[in-house]
Amino acid sequence: MKTKFLMTAIVSSLLFFSACDSTMELNNEDQGAQKSLKVSLNEGVGDLTKAVNLISGSDEFRLLGNISLANQQNVSGAQYAPEFRNDSVRILLADISGVYEYSWKRVKRAPMSILRYFERTADNDHLIVRLPVQKVRDYFYLFVHRPNDTTLTNNFEADVHDYMLFRSHEKGLEYRLGANLKFDSTNIGAITIRSTRNKVNGFDYLSVYHLGNGYTVSNVENSGDTAVSVYSINKDDKILYEENISSYRVNKENRRRERVYSLTIGDVKIVREMGPNSLDSAKVYVAGVLQLNSKVEVVINETEGSEPGVTNKKRDVKITFDDGTSTTIRELTGNTIENIAEIFKAVRQAGFATQIIDRIAGNIYWNKN
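These numbers were taken from a predicted model, which means no experiment stands behind them.

(A) Seen up close, the pairing of strand β5 (residues 156-168). With 11 of 13 residues buried, β5 is to be regarded as a mostly interior element. Direction of pairing for strand β1 (residues 88-92) relative to β5: antiparallel, over a ladder of 5 bridges. Bridge pairing in β5 places Val89 opposite Arg167. Pairing analysis gives 5 bridges linking strand β4 (residues 127-131) to β5, with the strands arranged antiparallel. What sits directly across from Ile128, in β5, is Asp159. Both β5 and strand β6 (residues 172-183) contribute to a ladder of 12 bridges, which runs antiparallel. Counted as the bridge partner of Asp162 is Gly178 from β6. Between β5 and β6, which pair antiparallel one after the other, the connecting turn spans 3 residues.

(B) Spotlight on the sheet that holds strand β18 (residues 326-328). Across the sheet, 3 strands lie side by side as β16-β17-β18; this open sheet has antiparallel pairing. Edge strands, defined here as strands with exactly one partner in the open sheet, are β16 (295-300) and β18. Across the sheet, the axes of successive neighbouring strands diverge by a mean angle of 20°, strand direction being ignored. Bridge count for strand β17 (residues 315-320) against β18 is 3 bridges, and the pairing is antiparallel. Paired with Thr320 across the strands is Ser326, a residue of β18.

(C) Quick peek at the packing of aromatic side chains. Taken as a whole and judged by the stated rule, the model has 5 aromatic pairs. For the ring pair Tyr102 and Phe118, a centre distance of 5.7 Å and an interplane angle of 85° mean the geometry is edge-to-face. On the criterion of sequence distance, the pair formed by Tyr102 in strand β2 (residues 98-102) and Phe118 in strand β3 (residues 118-122) is long-range, its members being 16 residues apart. The residues Tyr102 and Phe118 share a single accessibility class, namely buried. On the basis of an interplanar angle of 80° and a centroid distance of 5.8 Å, the ring pair of Tyr163 and Tyr175 is categorised as edge-to-face. Within this pair, whereas Tyr163 is found in strand β5, its partner Tyr175 is found in strand β6, the two being separated by 12 residues in sequence. Grouping aromatic residues by their ring pairs yields a cluster made of Tyr102, Tyr117 and Phe118. The aromatic ring of Phe183 is capped on one face by Arg137, whose charged end is 6.0 Å from the ring centroid. In this structure, Lys235 packs its charged tip against the face of Tyr215, placed 5.4 Å from the ring centre.

(D) Representation of the side chain of Ser97. The residue Ser97 is located in the loop between α4 (93-96) and β2 in this model. Polar side-chain contacts of Ser97 include one of 3.4 Å to the backbone oxygen of Asn124. Those residues in contact with Ser97 that lie beyond four places of it in its chain are Arg120, Asn124, Asp125, His126, Leu127 and Lys368.

Definitions and limits used
Residues numbered from 1 in each chain as written. Predicted model: local features only at pLDDT ≥ 70, side-chain atom pairs only at ≥ 80, totals over all residues. Heavy atoms only, no water. Buried < 20%, exposed > 50% of the residue type's maximum accessible area, 1.4 Å probe, protein only. Helix = DSSP H or I, 4+ residues; strand = E, 2+ residues; numbered from the N terminus. Pairing = 2+ DSSP bridges. Axes fitted to C-alpha atoms, helices over the stretch in contact; angles between N-to-C directions. Phe/Tyr/Trp six-rings, centres within 6.5 Å; stacked < 30°, edge-to-face > 60°. Lys NZ or Arg CZ within 6 Å of the ring centre and 35° of its normal. Polar contact = N/O pair within 3.5 Å; in protein donor to acceptor, adjacent residues only side chain to side chain. Contact = heavy atoms within 4.5 Å.

Below, the structure is given as structure tokens:
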């Protein structure tokens with residue numbers, strides 16, 4: 001009996017250690033299957049380049065991104081609402097709600113204001129503006145009547161479901177906009193903007209474009225004890241690109257700050273914390289795993305300018321892989337960074353809001369009051 005028990009114990013032990021060895025081999029295989037930094041970075045750059053090309057070439061972004069403050073032409077002579085020039089104004093969604101449709105027929109008989117191009121056709125809790133897409137593309141002709149306007153149809157719709165404009169010389173600025181957009185009855189995306197600025201808290205800004213092709217472009221800027229600047233491009237829930245520059249005030253007496261910089265491209269994340277030799281003390285991770293045999297350096301392209309970072313072309317990142325080869329983000333991405341900069345510039349300007357929605361909203365409020 002003892003011999004039989006001993007043999008059973010030996011066999012069980014052998015089976016146990018064999019199973020452990022198999023598990024260790026599987027774990028080693030999983031670890032070995034992890035993609036290298038070079039492969040992961042190349043894949044991330046490929047996905048990012050594809051995204052940037054799709055965003056830049058999409059009809060919805062070309063439509064919204066081309067509305068630039070710098071391109072404004074005062075060809076119409078149309079006046080802004082006087083409240084925009086006064087020291088204090090507060091406009092809420094309830095003040096401007098309703099359905100307004102572009103109507104060239106009103107030009108000769110309506111009062112001399114921007115609203116002479118729009119007719120209120122229905123009540124609504126939102127501000128719904130319908131106009132020809134051609135007037136959005138050539139927005140500086142929005143308030144100018146041209147002969148071919150009689151052939152245009154109101155095939156573009158902005159459904160503004162959240163709006164507030166509060167401006168005071170003493171209390172600063174608070175602004176909100178949330179709008180869903182349609183073209184030919186098809187959803188082409190949404191815009192969200194949040195902005196506050198005052199003497200006590202500084203400024204806080206958020207601008208998000210949700211595009212119909214599934215991409216989201218966002219920009220966050222704020223000041224204060226914790227100041228953050230974030231540029232990001234996502235596809236659904238996956239980060240394709242994110243540059244985050246954060247600074248934390250650690251001593252209110254001398255205003256000393258600690259800064260953290262991170263750049264994410266796909267599964268690759270580069271992190272640099274301020275400290276001695278901070279420009280070459282960055283760390284790089286692949287899917288959350290620290291790469292011990294790779295080196296990262298932050299390269300200064302321009303010493304001047306208030307907006308540092310790769311997005312604004314003030315900085316670059318040099319990566320030395322474990323095989324000894326090296327590259328920079330700019331070399332690896334080619335023209336993609338320049339295109340990213342233009343995308344974020346359009347998002348920051350939020351021209352659709354300022355040049356179309358705000359002007360219409362202000363004049364609705366002006367005419368009611």
